[in-house]
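# Observations on chain architecture
Spelled out, the chains give:
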Amino acid sequence: MFHYINCVLHAENVPVEIIAKEVGTPCYIYSNEILTKNFKDFDNALKKFKNTISYSIKANSNLGIVKTIASLGGGADVVSAGEMCIALKAGIPANKIVFSGVGKTKRELEEAIKNEILQINAESEAEVNTINHIALKLGKKANIALRVNPDVDAKTHVKITTGKKENKFGVDWDIAKDLYIKASKMEGLNVVGIAMHIGSQLLDLDPFRLAFTKMADMVSELEKEGIILKNLDLGGGLGINYNVELPPTKEAYAQVIEETLGKFNKHIIIEPGRSIIGEAAILISEVIFTKDMGSKHFIIVDAGMNDLMRPAMYDSWHTIVPVVKKGLAPITADIVGPICESSDTFAKDRIIEPVKQGELVAMMSAGAYGSSMSSVYNFRPLVPEVMVNKNAFTVVRKRTTYEEMLSGQTIPDWLKK
Ligand SMILES: Cc1ncc(COP(=O)(O)O)c(C=O)c1O
Ligand SMILES: N[C@@H](CCCC[NH3+])C(=O)O
C-alpha cells in the first residue's frame, strides 16, 4: 500500500508529497488498509480457537490506530494505566484487556481491578500478594494469570529478548507451580490464566514452539493439582520484514499454537504489536542539507532519533527511499538527523539514489515503536501522524506546539521579578 505511481511514492491512493505539504515534515503516515489486513490475517489464522487478539498498545498508542483495532473486534495488551486509559477510550471492552509489566503500581492495579479487565498478568510473588490485598480491600475478586518465564532463547536482538531466566520478566519457571497453588487459595483472586511473552521481532517459529510446549506442560501439571485455567496468553513477538527478513506467516504461527496447545481447547489470547502496525507506517522527512566530509557523504534530514529511536537504540535497519524517484545512479551516504548526538544516525554507508536539499525521503516499516517511543529531546515537537484510507487522509495527531510542550512548567516565584 506504500507504492510508486509514475515514480512518486503513494500511501494507498494519496501521493505522499501532498500529505507532507499539508502537515509538514517530519510526519508519520499510516495505511488503514495494511493495519486492517494485518489484524484480519491474525483473525483468520486463529479462527479455529476461541480467541482474543489483544493488540499491544506499546507498539503504537495513537488513538486512531487503537480505535481501528477496537472496530475490528480486537482487545488490548497494556503495560500501564495510561495505556489502559487509551484502550478504554478507544472503546476496547475491559474484558478484552490484559495488563502485563514487572512493575505495576498499586494505583494501576487498583484501576485494573475496578475496571474488571480480562486478566492481570502478574510477574512476581510480591505482585500476586499485592493484587490479592488490593482486591480484598475493594471487596472484589481480581482475574489474574501468572506471566511465567519459560527460559527460552527467542533468538532476537538482546535488548528485546524477554523470556530468558536472566531477564527481569515473568515468574521464575521453577517456582511458578507453587505460586499457582498459593494464588489459587487466595480469597481476592480468580486464577484464570497463564501468560508468556518471550521477545520481539522473532523470525523463527522454534522459540515459540519451545515456549508453548512448556506452557502445555505447565497447564497439564496444574490440572493435576485441580487448577483449571481458562486463558492461554501467548504474548506477541512475531517479526516483520525490515530489509531482507522472511518472517513466518500468521498461519504458520497459528499452526504452532494448534500443535502445542490445541488439545486443551482453551481461550487463546495473543498480544501482537509490531506484526500489526510495523509495516503499516512510514516516516517522511525532508532533506535539510547534504555535505561531504572527506570520503563521507552526509544526508541531513529533519527527522531525528527523537522521532524514530530504533536505529540509535538497536542499530536497526529501516529502508530509506526517495519520495520521488529520478532514476539516478545510487551513491553511498550516511543519513542522519539534526540531534546533537552521533547516534542520531538512521543509516550508515547506505546505498541510496541521491537526494538534494528540500527533497523528501521515506523511512519504511516505521509503525511499531516509532511514534510511541518518540520524545521531545532537543525541545523538538512531537510530529504529526496521518492516517490514510484509500483516497482520503486525516491528521490523527497534530504537531505539538511549543506552548503545549511548555504547559505545566512553572518558573519559581523567587525568579519572578
Ligand atoms: C508483554 C508484551 N506483550 C506483547 C508485546 C508486543 O510484542 P511485539 O510488538 O513484538 O508483537 C510486548 C513487547 O515486546 C510485550 O512486552
Ligand atoms: N522497542 C523495541 C521492541 C520492544 C518490545 C517491547 N517489549 C523495538 O523497537 O524493536
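The rules behind these values
Each chain has its residues counted from 1, following the order in which its sequence is written. Following the order in which they are written, the chains are lettered starting with A and the ligands numbered starting with 1. In keeping with the predicted nature of the model, local features appear solely for residues at pLDDT of at least 70, side-chain atom pairs appear and are counted solely at 80 or more, and the whole-chain, interface and lining totals rest on all residues. Numbering of helices and strands runs from the N terminus, with a helix taken as a DSSP run of H or I at least four residues long and a strand as a DSSP run of E at least two residues long. For the radius of gyration, the atom set is restricted to C-alpha positions; the globular benchmark scales as 2.2 Å times the number of residues to the power 0.38. Residues are called buried when their C-beta atom has 20 or more other C-beta atoms within 10 Å, exposed when it has 12 or fewer, and partly exposed otherwise; all C-beta atoms are positioned from the backbone. The contact criterion used here is simple: two residues whose C-beta atoms, placed from the backbone, lie within 7 Å are in contact. Of all possible arcs, the one meant is that of the directions from the helix axis to the C-beta atoms. UniProt positions are given in the numbering used here, feature names are shortened, and annotations may be inferred rather than shown by experiment. Proximity of a residue to a molecule or strand is defined by its backbone-placed C-beta atom lying within 6 Å of that partner. Residue polarity follows a fixed list, in which Ala, Val, Leu, Ile, Met, Phe, Trp, Tyr, Cys and Pro are nonpolar, Asp, Glu, Lys and Arg are charged, and the others, Gly among them, are polar. How far each domain reaches was decided by an automatic or database domain assignment. Here, strands pair whenever DSSP counts at least two bridges between them. Lines fitted to C-alpha atoms define the axes, with helix axes restricted to the stretch in contact, and inter-axis angles between N-to-C directions lie between 0 and 180 degrees. Reported orientations rely on four angle classes, namely roughly parallel under 35 degrees, roughly antiparallel over 145, roughly perpendicular from 65 to 115, and oblique for the rest. Throughout, a crossing is termed right-handed when the near helix is turned clockwise from the far one, and left-handed when it is turned anticlockwise from it by less than a right angle.

### Looking at the overall build of the chain
Check the secondary structure of the chain and you find 12 helices and 21 strands. Here the C-alpha atoms of the chain give a radius of gyration of 23 Å, agreeing with the 22 Å that 2.2 N^0.38 yields for 417 residues. Over its C-alpha atoms, taken along the principal directions, the chain stretches across nearly 70 × 65 × 40 Å. By residue count, 47% of the 417 residues in the chain fall in the buried class. Intrachain contacts of the chain at a sequence separation of at least 6 include 70% that bridge at least 24 residues.

### What to know about helix α4 (residues 81-89)
Three or more residues of α4 are buried, namely Glu-83, Met-84 and Ala-87. For α4, the angular spread of the buried residues around the axis is 105°, confining them to a single face. Opposite its buried face, α4 presents the exposed residues Gly-82 and Lys-89, each directed more than 90 degrees away. Looking at the packing, one finds that the buried side of α4 touches α3 (63-71), β6 (75-78), β7 (97-99) and α5 (106-115). Positive backbone phi, at 95°, marks Gly-91, one or two positions downstream of α4.

### What about the UniProt feature "binding site: pyridoxal 5'-phosphate" (unreviewed entry) in the chain?
This chain's UniProt record puts "binding site: pyridoxal 5'-phosphate" (unreviewed entry) on Gly-237, Glu-271, Pro-272, Gly-273, Arg-274 and Tyr-369. What makes Pro-272 buried here is the crowd of 26 C-beta atoms within 10 Å. Setting aside residues up to four positions removed in sequence, Pro-272 forms contacts with Phe-42, Ile-53, Tyr-55, Ser-56, Gly-236 and Leu-238. Look at Arg-274 and you get buried, because 27 C-beta atoms sit within 10 Å. Leave out the neighbours within four places in its chain, and Arg-274 touches Ala-59, Ser-200, Gln-201, Ile-240 and Ala-368.

### Here's the deal with the site of ligand 1
Around ligand 1, the structure places 16 residues, and the nearest of them are Ser-56, Ser-200, Gly-236, Gly-273 and Arg-274. Among the residues making up the shell around ligand 1, the classes are represented as 4 nonpolar, 9 polar and 3 charged.

### Thoughts on unusual backbone geometry
Omega for the peptide link from Thr-25 to Pro-26 comes to -5°, which places this bond in the cis form. Relative to the helices and strands, Pro-26 is located in the loop between α1 (16-23) and β4 (27-31). A positive phi angle, close to 55°, is found at Lys-155, a residue other than glycine. Here Lys-155 shows up in the loop between β9 (142-149) and β10 (171-172).

### Regarding the domain arrangement of the chain
Often, the extent of an interface is quoted as the loss of accessible area upon association of its parts. When the domains of the chain are assigned, the result is domain 1 (2-29 + 280-406) and domain 2 (32-277). Spacing between the C-alpha centres of domain 1 and domain 2 amounts to 32 Å. Contacts between domain 1 and domain 2 engage 20 residues on the former and 20 residues on the latter. Taken together, the elements giving at least two residues each to the side of domain 1 that touches domain 2 come down to β20 (385-389) and β21 (392-397). Per element, the largest residue contribution to the side of domain 1 that touches domain 2 is 4 residues, and it comes from β20. Taken together, the residues of the side of domain 1 that touches domain 2 sort by class into 9 nonpolar, 8 polar and 3 charged.

### Digging into the pairing of strand β1 (residues 2-5)
Across 4 bridges, the pairing between β1 and strand β2 (residues 8-11) is antiparallel. Bridged to His-3 within β2 is His-10. Hairpin remark: β1 followed by β2, antiparallel, with 2 residues in the connecting loop; positive phi at Asn-6, about 50°.

### Side note on the site of ligand 2
Lys-58, Ile-160, Ser-200, Gln-201, Arg-310, Tyr-314 and Tyr-369 make up every residue found near ligand 2. Among the residues making up the shell around ligand 2, the classes are represented as 3 nonpolar, 2 polar and 2 charged. Domain assignment of the residues forming the shell around ligand 2 places at least three in each of domain 1 (2-29 + 280-406) and domain 2 (32-277).

### Concerning the packing of helix α8 (residues 206-224) against helix α9 (residues 250-261)
One way to put it is that α8 packs onto α9 with a least axis distance of 9 Å and a crossing angle of 30°. Considering the angle they form, α8 stands roughly parallel to α9. Between α8 and α9 lies a crossing of right-handed hand. Two secondary-structure elements touch here, α8 through Phe-208, Arg-209, Phe-212, Thr-213, Met-215 and Ala-216 and α9 through Tyr-253, Val-256, Ile-257, Thr-260 and Leu-261. Within the contact of α8 with α9, the residues separate by chemical class into 8 nonpolar, 2 polar and 1 charged.

### Brief notes about α3
Those residues of α3 lying buried are Ile-65, Val-66, Thr-68, Ile-69 and Ala-70. Where α3 is buried, its residues meet β4, α2 (32-45), β5 (51-56), α4 and α10 (274-277). Where α3 terminates, the next one or two residues include Gly-73, which has phi positive at roughly 95°.

### Quick word on the UniProt feature "domain: Orn/DAP/Arg decarboxylase 2 C-terminal" (unreviewed entry) in the chain
Feature annotation in UniProt places "domain: Orn/DAP/Arg decarboxylase 2 C-terminal" (unreviewed entry) on residues 28-367, given in this structure's numbering. Taken end to end, residues 28-367 comprises 32% helix and 25% strand; its first and last C-alpha atoms sit 8 Å apart.

### Thoughts on the sheet that holds β2
Sheets are built from strands paired through backbone hydrogen bonds, the pairs being either parallel or antiparallel. Strand order across the open sheet formed by 3 strands is β1-β2-β3, with antiparallel pairing between neighbours. Bordering the open sheet on either side are β1 and β3 (14-15), each of which pairs with just one other strand.

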